[in-house]
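Tertiary structure, described
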Amino acid sequence: VQLQASGGGLVQPGGSLRLSCAASGSGFSINGMGWYRQAPGKQRELVAGIASGGWRNYADSVKGRFLISRDNAKNTVYLQMNNLQPEDTAVYYCNADLGFGNRDYSYWGQGTLVTVSS
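The structure reproduced in this document is the subject of the present report. (Residues numbered from 1 in each chain as written. Predicted model: local features only at pLDDT ≥ 70, side-chain atom pairs only at ≥ 80, totals over all residues. Heavy atoms only, no water.)

1. A short note on the state of the cysteines
Applying the stated criterion across every chain, the model contains one disulfide. Linked covalently through their sulfurs, Cys21 and Cys94 form a disulfide whose S-S length is 2.0 Å. Looking along the S-S bond of the Cys21-Cys94 disulfide, the torsion reads about 50°, which is the right-handed sense. Taken together, the positions of Cys21 in strand E3 (residues 17-24) and Cys94 in strand E9 (residues 90-100) put the pair 73 residues apart, joining distant regions of the chain. A relative accessible area of 1% places Cys21 in the buried class. (Disulfide = S-S within 2.5 Å. Helix = DSSP H or I, 4+ residues; strand = E, 2+ residues; numbered from the N terminus. Buried < 20%, exposed > 50% of the residue type's maximum accessible area, 1.4 Å probe, protein only.)

2. Some words on the pairing of E3
Pairing of strand E1 (residues 2-6) with E3, which is carried by five bridges, proceeds in the antiparallel orientation. Along E3, the bridge assignment pairs Gln2 with Ser24. (Pairing = 2+ DSSP bridges.)

3. Comments concerning the packing of aromatic side chains
Within the structure shown, the criterion is met by four aromatic pairs. Relative to Trp108, the ring of Tyr36 lies with its centre 4.9 Å away and its plane at 65°, an arrangement referred to as edge-to-face. Of this pair, Tyr36 sits in strand E4 (residues 29-38) while Trp108 is found in strand E10 (residues 103-108), placing the two residues 72 residues apart along the sequence. Accessibility expressed as a relative area gives 38% for Trp108, which makes it partly exposed. Taking the centre distance of 6.3 Å and the plane angle of 45° together, the rings of Phe100 and Tyr107 count as tilted. Relative accessible area serves as the criterion here: at 26%, Phe100 is assigned to the partly exposed category. Ring pairing ties together the aromatic residues Phe28, Phe100, Tyr105 and Tyr107, which thus form one cluster. (Phe/Tyr/Trp six-rings, centres within 6.5 Å; stacked < 30°, edge-to-face > 60°.)

In structure tokens form, the structure reads like this:
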């Protein structure tokens, strides 16, 4: 099982990016999915999460600017990031709680760098 993240890059302040993260493999169900980020010198923090039923939560710093969504048919979670600011610069990691029978495991993607700079 792998989580493959993509969509990072360099963007100017006020710009937008869309991150994607696809889970590959078989024999599992996907429960919650989410995005975290880690800026240089800081701890990894939750940016947004989405439950299997669609309930969403966001960090206060991104509310109103970021939107998390998922496509269950594609085992993919997305993060639409609008009005990006320099403080959003970080490596973004996707996370998924995968169920294998009656056991759940947490998986992480490899991280994708988002740089917001003029």
